[in-house]
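Topology and contacts: notes
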Amino acid sequence: MCGIVGYSQNHPQAIQEMLQSIRHRGPDDLGIYCDEGFSLGHTRLSILDLSHAGHQPMEFEHLVIVFNGEVYNFRAIQKELLGLGYTFFSDSDTEVILKAMHCWGEKAVDKFIGMFAFALWDKRKEELLLYRDRVGVKPLYYYFEGGELLFASELRAITAIKPNLALSQAGLYEYFQFGYTSSNLSIHQAIHKLPAGHYLRFKAGKIEVKPYWSIHTFLEMPLFEKSEEELIDELEELLVDAFKLRMVADVPVGVFLSGGIDSSLVAAILQKHHGHIHTFTIGFENPRYNEALYAKGVAEHLGTEHTERILSAEEAREILYRFPEVYDEPFGDSSGIPTLLVSKVAKESGVKVVLSADGGDEIFCGYERYPIAHSLSRKILSLPYPLRAFAGRAMESFGAKRAGYLFKVRNLEHKFNQLSEMLRAKDLEEFYELLVHNSKNYEIKELLGETFPPKSRAFKVGERIHPMQGMMSWDYERYMVDDILVKVDRATMFHSIEGREPLLDHRIAEFAARLPFNMKFREGKTKYILRKVLERYLPKEMIERPKMGFGIPMFEWFSQDLRSLFETHFTPERLKSSGVLNPSYVLRELGKLQRGEPVNVNKLWLILVFLMWQEKAR
């Protein structure tokens, strides 16, 4: 894994500064290319071809490339290019990508199986192409103002050159709603993320951004008409190939193992078809969060080399105070803390590449909230919209506080406001968003003084598409890309190790999109087909257990630390200097916490992370 940067000026000093800000992404090597049209930079974490032959930026004739990620099937593509007369001086996938682009142009990307973000500068055409992988495993930010373009693997590299940028109102809303900024947004108005499955063309001071792949293409295709056994066989074959490809490396490789379905499947398939797998897990003293026993049982059954570590609150506390340093824009997912810690454990064990099992929930219907949201939405959205809207407005007029005083139900004020909003949801997407919000619309209005802006629609619904599939599509294009994958990328790269996502092979996503829905969810059981594949490797009793998720006892561990941080940062002066937060609202919510009254502590956590990030950014 690496870090890439670029600037539409001949400016080696700026490139040097950008690279230094993300040196953790690639401590093994550093390279710069500059000409009158564009400057490129690369900081390298050596995974394939550890020699200097893999140095970047890499040139071939009129093309120059900087590349972050892995194209796992590069040897097959290299063989095809050799047959066409190309020669190779290195054993790196970068050279294969460069010469594939030279040979086939933009169509070459269709051949790549992997995770990638790369920039290709064409000196002859004076044109730059930026590509991000189909799923969005690898990050890519860009700044474009007045014909000037900068790009980088992380936001901090751009702000090193462009400090004091204005905040994005849309990005702020997204952050306080979901705990992250989604789609093409960032926390800065002038900086955007290149969306997954898109490319950017820069020429003559202008840019265009276009898609080259979308999961929706496959959701619209006819469903498979095969027997259950045929589909299970086909998926297993695809999983074996995808997982084995991700073991391609010239350095040690490990697997994060939680003992859940997805990570157990990755470990089981690789142990059988590749062998000598090293698995890692972290545990907690609190049994409510501790999955270490399940992971150990799976590891013993499979015979992997297993490393387990019980983590203390003291270790997690170190990460808590460094959180804004690791996640260089406001990021509120507290599970980033254990992800950082397990990455540290893997690094200390000598592993340079780790496989994570993210993506199964969004592709194979794994979240328990899907059936709950589906059942609830059917009851509410089946009512005529005018009737629901009237009821919602009536509840708003009556007042949540008044309801709380009258009925004396714990936290009724919050529930009253939430139901009022859900009644007025115009469609299933808006309804689902209201369910997954960290902060509800009425809370954000009080916090920021405005309502949230409209968003681009990511929901996929239709006669043939189950409503729960629409929820999965929303999570696949937003939550997974801009929360889960950001979390894993920053956590692993902070410790200078490479994270790979075998379940996010685009071929698996394309296959899953065409599965009949009852192969994903059946009789109340999530991930039906994945469970059937896993039953071929593990006893059923190891599979059938409640889903715990990868979390930590956040507020038990940090009750005193958080209270101290809240009280340090939530002062009238600091809140006012933020320029965007309503001090009276934040102080009122803090007062509830101090008095032991019901309060959304996660909302306070999001405010804290934002203030800590803003203080560091200044």
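Now for a quick tour of the structure. (Residues numbered from 1 in each chain as written. Predicted model: local features only at pLDDT ≥ 70, side-chain atom pairs only at ≥ 80, totals over all residues. Heavy atoms only, no water.)

1. Considerations on the sheet that holds strand β5 (residues 63–71)
The six strands lie next to each other as β4-β5-β6-β7-β11-β12, forming an open sheet whose pairing is antiparallel. Of all the strands in the sheet, just β4 (58–60) and β12 (206–211) have a single pairing partner and so form its edges. Strand-to-strand twist across the sheet, computed as the mean angle between neighbouring axes with direction ignored, equals 20°. Here six bridges tie strand β6 (residues 114–122) to strand β7 (residues 127–132), and the two strands are oriented antiparallel to one another. In the sheet register, W121 faces β7, and the bridge partner there is L128. (Pairing = 2+ DSSP bridges. Helix = DSSP H or I, 4+ residues; strand = E, 2+ residues; numbered from the N terminus. Axes fitted to C-alpha atoms, helices over the stretch in contact; angles between N-to-C directions.)

2. A word on the pairing of strand β15 (residues 305–310)
When a strand is regular, its side chains alternate between the sheet's two faces. Two strands pair when backbone bridges link them, and strand β14 (residues 278–283) and β15 are joined in this way by six bridges, in the parallel orientation. Counted as the bridge partner of H278 is E305 from β15.

3. Quick notes on the pattern of salt bridges
Charged atoms that come close allow side chains of opposite charge to pair. In total, this model carries 43 salt bridges according to the counting rule given. In this structure, the salt-bridge partner of R309 is E348, at a minimum N-O distance of 3.0 Å. Residue R309 is found in strand β15, and its partner E348 is found in helix α11 (residues 336–348); the two are separated by 39 residues along the sequence. Its relative accessible area of 24% is what places R309 among the partly exposed residues. (Salt bridge = Lys/Arg side-chain N within 4 Å of Asp/Glu carboxyl O. Buried < 20%, exposed > 50% of the residue type's maximum accessible area, 1.4 Å probe, protein only.)

4. Quick notes on the side chain of S496
You can see S496 is positioned in the loop between α19 (467–494) and β17 (498–500). Classification of S496 as buried rests on a relative accessible area of 10%. Polar side-chain contacts of S496 include one of 2.7 Å to the backbone oxygen of H24. Apart from the residues lying within four places of it in its own chain, the contact partners of S496 are H24, P27, L45, K347 and K352. (Polar contact = N/O pair within 3.5 Å; in protein donor to acceptor, adjacent residues only side chain to side chain. Contact = heavy atoms within 4.5 Å.)

5. Looking at the sheet that holds strand β10 (residues 191–193)
Ordered by their spatial adjacency, six strands build an open sheet running β2-β3-β1-β9-β8-β10, and the pairing between neighbours is antiparallel. Each having just a single partner strand, β2 (29–34) and β10 make up the two edges of the open sheet. Here the strands of the sheet are splayed against their neighbours by 15° on average, with no regard to which way each runs. Sheet topology note: the strand β1 (residues 2–7)/strand β3 (residues 39–44) ladder contains six bridges and is antiparallel. Bridge assignment links C2 to a residue of β3, and that residue is R44.

6. Some remarks on unusual backbone geometry
With an omega of 0°, the peptide bond running from Q56 to P57 counts as cis. Positionally, P57 belongs in the loop between β3 and β4. One non-glycine residue with positive phi stands out, namely E61, at about 55°. Along the chain, E61 turns up in the loop between β4 and β5.

7. Focus: the pairing of β1
Counting buried positions along β1 gives six out of six residues, so the element sits mostly inside the fold. Of the two faces of β1, the one carrying C2, I4 and G6 and the one carrying G3, V5 and Y7 are both buried. Two elements, β1 and strand β9 (residues 148–152), share three bridges in a ladder whose sense is antiparallel. The partner of G6 across the bridge, within β9, is F151.

8. A short note on the nonpolar core
General note: in soluble globular proteins, nonpolar side chains tend to be found buried as a group. Grouped together as the largest cluster of nonpolar side chains are 92 residues, with contacts concentrated most on F176, F570, L581, I607 and F610. Setting aside residues up to four positions removed in sequence, I607 forms contacts with F176, L447, F570, L581 and V586. Core analysis: the next-biggest nonpolar cluster, separate from the first, contains 86 residues, Y131, L239, F243 and F511 among them. (Core = buried A, V, L, I, M, F, W, Y, C linked by side-chain atoms within 4.5 Å.)

9. Observations concerning the packing of helix α24 (residues 559–569) against helix α27 (residues 601–617)
Where α24 meets α27, the closest approach of the two axes is 10 Å, and the angle between their N-to-C directions is 55°. With respect to each other, α24 and α27 are oriented oblique. In the crossing of α24 with α27, the sense of the turn from one axis to the other is left-handed. Facing L562, L565, F566 and H569 of α24, the residues of α27 in contact are V601, L604, W605, L608, L611, M612 and E615. (Parallel < 35°, antiparallel > 145°, perpendicular 65-115°, else oblique. Left-handed = near helix turned anticlockwise from the far one by under 90°.)

10. Concerning helix α14 (residues 385–398)
Structural remark: α-helix, 3.6 residues per turn; residues separated by three or four positions point the same way. The terminal C-alpha atoms of α14 lie 20 Å apart, and with 14 residues this matches the ideal 20 Å at 1.5 Å per residue to within 8%. For α14, the full list of buried residues reads R388, A389, G392 and M395. Down the axis of α14, the smallest arc covering the buried residues is 125°, so these residues share one side. What points out from α14, more than 90 degrees from its buried face, is the exposed set P386, F390 and S397. (Expected span 1.5 Å × (residues − 1). Arc of directions from axis to C-beta.)

No statement about biological role is implied by the geometric values presented.
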